[in-house]
Amino acid sequence: MTDDNQLFQRHPGNPILTAAQWPHTVNAVFNPGAARMPDGSTVLLCRVEDRRGISCLWAARSDDGVAGWRIDPAPVLFPDPQNHPEETWGVEDPRIVWLEELGRYAVTYTAYSETGPAVSLALTADFREFERVGVVMPPEDKNAALLPRRAGGRWQMLHRPHTGLGAAIWISESPDLFHWGQHRLLLPPRRGAWWDANKIGLSTPLIETDRGWLMLYHGVRMTAAGCLYRVGLALLDSADPDRVLLRGDEWVFGPRESYERQGDVGDVVFPCGYTRGPEPDLLRIYYGAADTSIGVAAARISELLGWLESHSSADSVPC
Ligand code: BMA
């Protein structure tokens, strides 16, 4: 089924992963990071919340990225409060980026500490063994993803600190992945009645296109009935990603199906991962549905860019 604007097509088999498929009793399976492996298979690093309320990251692997999921027998990244007290209340919402220079994937995730959510980084080649780098952005911060290569000798990371503006997307730089600085505001939330007023955050890692970096971000509309989590688009300059070229006026993907509207937290679609291919124009986003299960939806990158050109107003670009 397609959304009204026809940009994203949900897979008819949605939700593709639910808690009922897990080898242990768990409460919910949602907000997965995604990677396409060299053999063409897809790995989802799923956030799995147990019945205490604590989340870990658990790998599910599939040849076609849609069905036939092989779920690992145990989590691959679980809270380690002895060595990492910042993970006392769980690890959540991973974003995955392949770093060619290191020959490993960077996994940025929320470390839920007693002082609030922080951004942590771990490196892996196979989603079985992980090297924890540790906290790279202190609380309160989340929704982070690296860019896949250095620019001007520095790594760049988008993330979402909570500031006086509400929750806004920032960009920061590092010479070594450990030390981060040069923090700049990239995209603020809108105000008032907008679908993305007060609280936004990066959804999936940035998507490289010939027109610039395509950004999917979530916007949260606070209503009397609760929060509505929807997804919108922006385009960043390819050489200088702190320049916002376009920002879509309307959301492009929002909760519509029953599995997105009802669950532990209803009216939430929350993509954390994408894969591309086999044609380079074909995008698949993997998203948490109502903080309960996992769905997949497909879009054409060229159509997303075309939509953005015609649905962006100059005054919605902050700088
Ligand atoms: C956000 C994050 C997500 C969650 C969403 C909806 O703030 O915590 O993990 O899916 O809220 O509850």
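A word on the state of the cysteines. Taken as a whole, this structure holds 0 disulfides when the rule is applied. Left without a disulfide partner, C227 is nearest to the cysteine sulfur of C272, which lies 16 Å away. By relative accessible area, which is 33% here, C227 ends up partly exposed. Free of any disulfide, C272 has its nearest cysteine sulfur in C46, 11 Å distant.

Around the ligand lies a shell formed by N31, R47, D93, K142, Y229, V265, V268, F270 and D291. Contact distances for the ligand include 2.8 Å between an oxygen atom and a side-chain N or O atom of R47. Between the ligand and the protein, one listed contact pairs an oxygen atom with a side-chain N or O atom of D291 at 2.6 Å. Protein coverage of the free-state accessible area of the ligand, which is 310 Å², stands at 84%.

Turning next to the side chain of R10. Among the structural elements, R10 can be located in strand β1 (residues 9–10). R10 gets classed as buried once you look at its relative accessible area, which sits at 2%. A distance of 2.9 Å separates the side chain of R10 from the backbone oxygen of G254, its partner in a polar contact. Polar contacts involving the side chain of R10 include one to the side chain of E260, which spans 2.8 Å.

Counting 25 residues, the largest nonpolar core has F8, L214, L216, L233, F253, I285 and L304 as its most contacted members. Of all the secondary structure elements, the ones that give two or more residues to this core are β17 (212–223), β18 (226–236), β20 (269–276), β21 (282–289), β22 (293–300) and α2 (301–310). Ranked by residues supplied to this core, first place goes to α2 with 5 residues. Ignoring sequence-local partners within four residues, the contact set of L233 consists of L214, M215, L216, Y217, R247, G248, V252, L304, W307 and L308. Ranked by size, the runner-up nonpolar core spans 18 residues in total, among them V29, L44, Y286 and V296.

Glancing now at the sheet that holds strand β2 (residues 28–36). In spatial order, the strands read β2-β3-β4-β5; together these 4 strands make up an open sheet with antiparallel pairing. The strands lining the two open edges of the sheet, one partner per strand, are β2 and β5 (70–71). The pairing of strand β3 (residues 42–49) with strand β4 (residues 55–62) spans 8 bridges and is classified as antiparallel. Of the residues in β4, the one forming a bridge with L45 is A59.

Structurally, D93 can be placed in strand β6 (residues 91–99). Here D93 falls in the buried class, since its relative accessible area comes to 6%. One polar contact links D93 to N31, side chain to side chain, over a distance of 3.1 Å. Among the polar contacts listed, one links the side chain of D93 to the side chain of R47, at a separation of 3.0 Å.

With that settled, consider α2. The set of residues buried in α2 consists of I301, L304, L305, W307 and L308. The buried residues of α2 occupy one face: seen down the axis, they fall within an arc of 160°.

Pairing is antiparallel across the open sheet formed by 4 strands, whose spatial order is β1-β22-β21-β20. The open sheet has two free edges, formed respectively by β1 and β20, since each of these has just one partner strand. Of the strand pairs in this sheet, β20 and β21 are connected by 7 bridges, and their pairing is antiparallel. Bridge pairing in β21 places Y274 opposite I285. Across the sheet, α2 is in contact with β20, β21 and β22; its angle to β22 comes to roughly 75°.

Of all 8 residues in β4, 8 are buried, a share of seventy percent or more. Side chains of β4 alternate between two faces, with S55, L57, A59 and R61 and C56, W58, A60 and S62 buried alike. Between β3 and β4, which pair antiparallel and follow one another directly, the connecting turn spans 5 residues, one of which, G53, has a positive phi of 110°. Inspection of the sheet shows β4 paired to β5 by 2 bridges, in the antiparallel sense. Bridging from a neighbouring strand, A60 pairs with I71 of β5.

What counts and what doesn't
Residues numbered from 1 in each chain as written. Predicted model: local features only at pLDDT ≥ 70, side-chain atom pairs only at ≥ 80, totals over all residues. Heavy atoms only, no water. Disulfide = S-S within 2.5 Å. Buried < 20%, exposed > 50% of the residue type's maximum accessible area, 1.4 Å probe, protein only. Near = heavy atom within 4 Å. Polar contact = N/O pair within 3.5 Å; in protein donor to acceptor, adjacent residues only side chain to side chain. Areas by Shrake-Rupley, 256 points an atom, 1.4 Å probe, with all protein chains shown as cover. Helix = DSSP H or I, 4+ residues; strand = E, 2+ residues; numbered from the N terminus. Core = buried A, V, L, I, M, F, W, Y, C linked by side-chain atoms within 4.5 Å. Contact = heavy atoms within 4.5 Å. Pairing = 2+ DSSP bridges. Arc of directions from axis to C-beta. Axes fitted to C-alpha atoms, helices over the stretch in contact; angles between N-to-C directions.

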